[in-house]
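Examination of the molecular architecture
Now for the letters of each chain:
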Amino acid sequence: HASACNVVERIFGSFKKHFGILTSSPQYNMDIHARIPPALAAIHNFILKDDLTEAEEIAQDNAGDPLPGNLPLERDFGTLARGAPGVAEKTRAKLKWDTIAQAMWVSYQDTLAQCNQMEGTLE
């Protein structure tokens, strides 16, 4: 979990550096607001694929990063979404989110229990 979190944080840091719109609250309605990150991701992927100069600058930004975005050697950037997510997609995403959150909570509770057991044996 921590590794995935670090990757996501690096990605958002890189996006914020290259796309200033992410550093402030845009004054758009929510439908437009929801489309901004996927559009920026598509632009970012386009740059990585087709603009070698910009790709080098991004690589230099990640210098010293042991896992610079974990990009695979062969880059398959997929396809763009066709508009905002629908009800079915939102429902699937919420279910996945809830499942992950529940698993994280159980893992956290297990860790707390192990820490409490270790403290009990030290006393």
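Summarised in this report is the structure supplied together with it. (Residues numbered from 1 in each chain as written. Predicted model: local features only at pLDDT ≥ 70, side-chain atom pairs only at ≥ 80, totals over all residues. Heavy atoms only, no water.)

Going through the model one piece at a time under the given rule, you end up with 1 aromatic pair. Between tryptophan 105 and tyrosine 108, the ring centres sit 5.7 Å apart and the planes meet at 40°, which makes this aromatic pair tilted. A residue pair is termed a helical-turn pair when its members lie 3 or 4 positions apart in one helix, as tryptophan 105 and tyrosine 108 do in helix H4 (residues 87–122) at 3 residues. (Phe/Tyr/Trp six-rings, centres within 6.5 Å; stacked < 30°, edge-to-face > 60°. Helix = DSSP H or I, 4+ residues; strand = E, 2+ residues; numbered from the N terminus.)

Attention now goes to the pattern of salt bridges. Pairing between side chains of opposite charge can happen when their charged atoms approach one another. Throughout the structure, instances matching the rule amount to 2 salt bridges. Of the charged contacts in the structure, one is a salt bridge between arginine 35 and aspartate 31, with a shortest N-O distance of 3.5 Å. Separated by 4 residues within a single helix, arginine 35 and aspartate 31 lie in helix H2 (residues 30–50), roughly one turn from each other. Given the relative accessible area of 39%, arginine 35 is considered partly exposed. Note on aspartate 31: relative accessible area 39%, which makes it partly exposed. Between lysine 94 and aspartate 98 there is a salt bridge; the shortest N-O distance is 2.9 Å. Linking lysine 94 with aspartate 98, this pair stays in helix H4, spanning 4 residues, or about one helical turn. Accessibility expressed as a relative area gives 51% for lysine 94, which makes it exposed. (Salt bridge = Lys/Arg side-chain N within 4 Å of Asp/Glu carboxyl O. Buried < 20%, exposed > 50% of the residue type's maximum accessible area, 1.4 Å probe, protein only.)

Keep in mind these numbers describe shape, not what the thing actually does.
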